[in-house]
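# Residue-level structure breakdown
For reference, the chains in residue letters:
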Number of protein chains: 2
Amino acid sequence: MTIKNDRLIRALLRQPVDATPVWIMRQAGRYLPEYRQVRKQAGNFLNLCKTPELACEVTLQPIRRFPLDAAIIFSDILTIPEAMGLGLHFAEGEGPVFAHPLRDHTAIDKLIIPNPAEALTYVTDAIKLVKHELAEQIPLIGFAGSPWTLACYMIEGHGSKNFALPKKMLYNEPTLLHKLLTKLSKATILYLNAQIAAGVDVVMLFDTWGGLLGYNEYPQFSLHYMQEIIKGLNVSQSGKKIPVILFTKGGGQWLPIIANSGCDAIGLDWTTNITLARQQVGGSVALQGNLDPCLLYAKPDKIVTEVQELLAAFGKGPGHIFNLGHGINPDVDPECVSVLVDAVHTYSKVYHP
Amino acid sequence: MTIKNDRLIRALLRQPVDATPVWIMRQAGRYLPEYRQVRKQAGNFLNLCKTPELACEVTLQPIRRFPLDAAIIFSDILTIPEAMGLGLHFAEGEGPVFAHPLRDHTAIDKLIIPNPAEALTYVTDAIKLVKHELAEQIPLIGFAGSPWTLACYMIEGHGSKNFALPKKMLYNEPTLLHKLLTKLSKATILYLNAQIAAGVDVVMLFDTWGGLLGYNEYPQFSLHYMQEIIKGLNVSQSGKKIPVILFTKGGGQWLPIIANSGCDAIGLDWTTNITLARQQVGGSVALQGNLDPCLLYAKPDKIVTEVQELLAAFGKGPGHIFNLGHGINPDVDPECVSVLVDAVHTYSKVYHP
């Protein structure tokens, strides 16, 4: 079956489109009152992730409101460590907490790579429900966290400004960290292939904490494992190609090596200049991004102006997927998203003659 | 009077040295047991800053332990907003909190630029004490926060992951934000000139949150005001030149424009490659940095290897000041600092033939 609105897929593969596709990181989220209602119904965030019907519902909510060019399955990057038995819990206003963080060889040695067909069916079931509901109108994006990013939370046990514990392991016990990252890569390959088999049309890797690594450490401890994952993915599925997006927050200084990782597109945060980024990657990959999420606090006319400027900064031709440079903030007015999406579609047409 | 060990000054001015100078951001700080004792004696962090004898004592503590090539006056970047009457308080384990954050035109309009000779004598008095104690053995660094960084705390009221409130003002009321930044620049010029008059030999601007700005916003909302400050400084003092270091955390994508700001040196965080940075600035400024602060959790031989690699990455010739890429973490073993400082002096000699 072909997807009716395939702008996203075409842009990711650098094929001509009629308008620049747009979707928004965390588009299914707290800024929507209907999301907050379902979350309340679910009791907590993890229950929401783990109940396919509810995950499907919140995935579709932004699609009903806005003419977005993609849906992204509602889930969390920490599903894999949760399936590994680390005891995930989301403390209200505090973010993720693991009851059993990894602190020694024994804990890492005994980690078992979860079989998605057993431990993660709630994700693949939600994907199947969403695919059915979307009825091939727009593509569905699946995702996972990068091994380094998962390792950060699993070792530290919770969010952190500098993730000192994983960094300690990196410098003092690099072999142990590599062992963990290898396990996480294998688990992620199985997980994303299960998502692909369940129907996702695009896959994205979220490397939220890659930008905390030193210049020489990033390629070894984060990018390398994302490359391993990309190599392991079944990207040819029933005759169609599944494009892969790689997003390292704070990754603007590594664009040339990210472009060579085998990904189809690089996600850019808002601190990177998309014109210079396009020059650096030389048309070898598509670029996704990269409006400052805080711009959605601005008045509509300012949002429109900034959308126009970003479209102009990328310039003519295919290979741009419009997005924020990071997830949408929970206190944004949904009306601003409407303004953004319409502006992208309206003002991008001139760049695709 | 000439400074006996003038490696830092010479390196900042890209003049030949016998070995690469080294100092450490937050070298007077919590990782030292003798610091924790004085802080306890002071009651709280702000009292410590405001008591010249104690600020002098903690400034000198790392100098007694390690053969560092500079002292940096013990103080805080938030002295200016404190002097403006925002009611600064340091909550234990929480960081700075302002009792009266800036939330509207009225609050910003009524801000008065503090006269350092009245409101900030505790800093200049501490500088005079330290200068006396140092007896021109090594130079003393004075510092201030960048206007954008101060504005972040003053508007938000406390630390934050994304400083949404100052960002809101940036996009919705840029004129109001510019008014605040202009006031802060003027206040900082007076403050740093008072520090220079009191005896500091080098001045550093800490732009901790410049890296949160969008690619196009950084030059207008952060760098511009640091340039204004540099223009306003009395950098020629009794026949000697006061070099200026500008440090934007997360600023690696703006190095060419930072190099043109009028500063003498750019501080680099650990995510930037110093070899590429040197190529980009083309010898127009010195470079300071940029070891990952978490490397001080490593074993001594690893620290030595990484010091050697960083020295090699900068390469031959003058213009490198060794430092971490951010402040030292409070749980680092002081012995590791000793290893670091000795390694820099020992292994840098070959690069200064």
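This section reports on the structure supplied with the text. (Residues numbered from 1 in each chain as written. Chains lettered and ligands numbered in written order. Predicted model: local features only at pLDDT ≥ 70, side-chain atom pairs only at ≥ 80, totals over all residues. Heavy atoms only, no water.)

A pair can form between side chains of opposite charge whenever their charged atoms are brought close. Taken as a whole and judged by the stated rule, the model has 28 salt bridges over all chains. Counted as one network, the salt bridges with shared partners bring together Lys131, Glu136, Asp201 and Lys240 of chain A. (Salt bridge = Lys/Arg side-chain N within 4 Å of Asp/Glu carboxyl O.)

This next bit is on the layout of surface pockets. For the second largest pocket, the calculated volume is near 400 Å³. Contributing to the lining of the second largest pocket are 21 residues, with Gly252, Gln253 and Gln280 of chain A together with Gly252 and Gln280 of chain B lying nearest its centre. Only helix 13 (255-259) and helix 14 (274-281) of chain A together with helix 14 (274-281) of chain B provide two or more residues apiece to the lining of the second largest pocket. Each residue belonging to the lining of the second largest pocket can be placed in one class, and the counts come to 11 nonpolar, 10 polar and no charged. (1 Å grid on protein atoms, 1.4 Å probe; cavity = no way out; pocket = protein on both sides within 12 Å on 5 of 7 lines; lining within 4 Å. Points joined across faces, edges and corners; volume = space filled by probe spheres on them. Helix = DSSP H or I, 4+ residues; strand = E, 2+ residues; numbered from the N terminus. Nonpolar A, V, L, I, M, F, W, Y, C, P; charged D, E, K, R; others polar.)

With 30 residues of chain A in contact, the opposing surface of chain B contributes 30 residues. Summing both sides of the interface, chain A and chain B together bury roughly 2600 Å²; the carbon and sulfur share of this comes to 49%. One salt bridge in this structure joins lysine 167 of chain A and aspartate 292 of chain B, with 2.8 Å as the shortest N-O distance. Our count for the contact surface shared by chain A and chain B stands at 18 residue pairs in polar contact (both at pLDDT 80 or more). The biggest single contributor to the side of chain A that touches chain B is helix 10 (residues 164-172) of chain A, with 5 residues. Residue composition of the side of chain A that touches chain B, grouped by class: 12 nonpolar, 10 polar and 8 charged. (Contact = heavy atoms within 4.5 Å. Buried area = accessible area lost by both parts, 1.4 Å probe. Polar contact = N/O pair within 3.5 Å; in protein donor to acceptor, adjacent residues only side chain to side chain.)

Let's shift gears to the relation of the copies chain A and chain B. Its rotation angle being 180 degrees, the transformation that places chain A on chain B also includes 0.0 Å of axial translation and leaves an RMSD of 0.0 Å. The relationship between the two copies is best expressed as a two-fold rotation axis. Of the C-alpha atoms belonging to chain A, the one lying closest to the rotation axis is found on glutamine 253 of chain A, 3.4 Å away. Interface overlap between copies is the fraction of interface residues in one copy that are interface residues in the other; for chain A against chain B it reaches 100%, indicating a shared surface. (Least-squares fit on C-alpha atoms with pLDDT ≥ 70 in both.)

Quick look at the sheet that holds strand 10 (residues 286-291) of chain A now. The strand order across the open sheet built from 7 strands is 1-4-5-8-9-10-11 (chain A), with neighbouring strands paired in parallel fashion. Two strands close off the open sheet at either side, each with one partner strand: strand 1 (71-72) and strand 11 (320-324) of chain A. (Pairing = 2+ DSSP bridges.)

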